[in-house]
Amino acid sequence: MNLNSLLGARPKPLAQIGIWAAAIVVTGLIGYLRMNSPASHEFHLFFLLPVAAVAWFINLPRAAMLAVLAAVLWYLAERQLSAGGLERGPLLFNTLQRLVLLVGFAWLLDRLRKGLGQQP
């Protein structure tokens, strides 16, 4: 078994459900850690990892749903950590940027996976 066949094969439906559930739990835990950590700690990469796994091993629509969940959790954490110090406009703008970043990365991974699958 080579790396291309390992990464190129989609998991069976039961394994996809497991990956999806694990990604939701991990995203929730990351959101919880973000809410309970100092504002100086950033969690960009940690929110990106479950979205990337879902985009690669399951599909783009589920990765987009997970990206929305991650962006909402990130928004709630930032709102809690700012304690009313940030206006709603910049906070929503930052959340929209994060959502676009997460969905865009998932889209790129989905295209890369499909492109690698079409090579001889």
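For the structure, check the block above.
Since the structure is predicted, the reported quantities are computational estimates derived from the model, not experimental observations.

Turning our eyes to something else, we now look at the overall build of the chain. Within the chain, the secondary structure is distributed over five helices and zero strands. By its C-alpha atoms, the chain is 55 × 25 × 20 Å across when sized along the principal axes. Counting the 120 residues in the chain, one finds 32% classified as buried. For the chain, contacts bridging at least 24 residues in sequence account for 70% of all contacts bridging at least 6. In the form shown here, the chain has an accessible surface area of approximately 7,500 Å², with 71% of it arising from carbon and sulfur atoms. Both charge centroids of the chain, one from 10 positive and one from 4 negative side chains, sit 15 Å from each other.

This part covers a nonpolar patch on the surface. On the surface, L45, F46 and L49 cluster together into a nonpolar patch covering about 310 Å² of accessible area. Accessibility expressed as a relative area gives 52% for L45, which makes it exposed.

Here the focus is the nonpolar core. Buried together is how nonpolar side chains tend to be arranged in soluble globular proteins. Within the largest apolar cluster, 21 residues are counted, with the highest numbers of intra-cluster contacts made by F47, V51, V54, A63, L66, L102 and A106. If you list the elements that add at least two residues to this core, you get α2 (13-35), α3 (44-57), α4 (60-82) and α5 (88-118). Top contributing element to this core by residue count: α3, with seven residues. Non-local contacts of V54, meaning those with residues more than four positions away in its chain, are made with W20, A23, N59, R62, A63 and L66.

This part takes up the environment of R98. Within the secondary structure, R98 is located in helix α5. Distance in space between the C-alpha atoms of R98 and A70 is 8.9 Å, their sequence separation being 28 residues. For R98, the contacting residues outside a window of four places in its chain are W74 and E78.

Orientation of α2 relative to α4, taken along the N-to-C sense of each, is 15°, at an axis distance of 9 Å. Accordingly, the angle class assigned to the pair α2 and α4 is roughly parallel. Where α2 crosses over α4, the two elements pack in a sense that is right-handed. Packed against α2, whose contacting residues are W20, A23, I24, T27, G28, G31, R34 and M35, the element α4 presents R62, M65, L66, L69, A70, L73, W74, L76, A77, E78, Q80 and L81 at the interface. Looking at the contact of α2 with α4, its residues break down into 13 nonpolar, four polar and three charged.

A few words now on the pattern of salt bridges. Side chains that differ in charge, positive against negative, can pair when their charged atoms come close. Across all of its chains, the model carries two salt bridges by this definition. Here E78 ties to R34 by a salt bridge, and the two come within 2.6 Å at their closest N and O atoms. Taken together, the residues span a long stretch of sequence, with E78 in helix α4 and R34 in helix α2 at a distance of 44 residues. Residues E78 and R34 agree in their burial class; the two are buried. Among the ionic pairs, K114 bridges to D110, the shortest N-O distance being 3.3 Å. Pair noted here: K114 and D110 are both in helix α5, with a separation of four residues, about one helical turn.

Reading guide: rules and limits
Residues numbered from 1 in each chain as written. Predicted model: local features only at pLDDT ≥ 70, side-chain atom pairs only at ≥ 80, totals over all residues. Heavy atoms only, no water. Helix = DSSP H or I, 4+ residues; strand = E, 2+ residues; numbered from the N terminus. Buried < 20%, exposed > 50% of the residue type's maximum accessible area, 1.4 Å probe, protein only. Contact = heavy atoms within 4.5 Å. Areas by Shrake-Rupley, 256 points an atom, 1.4 Å probe, with all protein chains shown as cover. Lys, Arg positive; Asp, Glu negative; His and termini not counted. Charge placed at Lys NZ, Arg CZ, Asp CG, Glu CD. Patch = residues over 30% accessible without salt bridge, like charges linked within 9 Å, V, L, I, M, F, W, Y side chains within 5 Å. Salt bridge = Lys/Arg side-chain N within 4 Å of Asp/Glu carboxyl O. Core = buried A, V, L, I, M, F, W, Y, C linked by side-chain atoms within 4.5 Å. Axes fitted to C-alpha atoms, helices over the stretch in contact; angles between N-to-C directions. Parallel < 35°, antiparallel > 145°, perpendicular 65-115°, else oblique. Left-handed = near helix turned anticlockwise from the far one by under 90°. Nonpolar A, V, L, I, M, F, W, Y, C, P; charged D, E, K, R; others polar.

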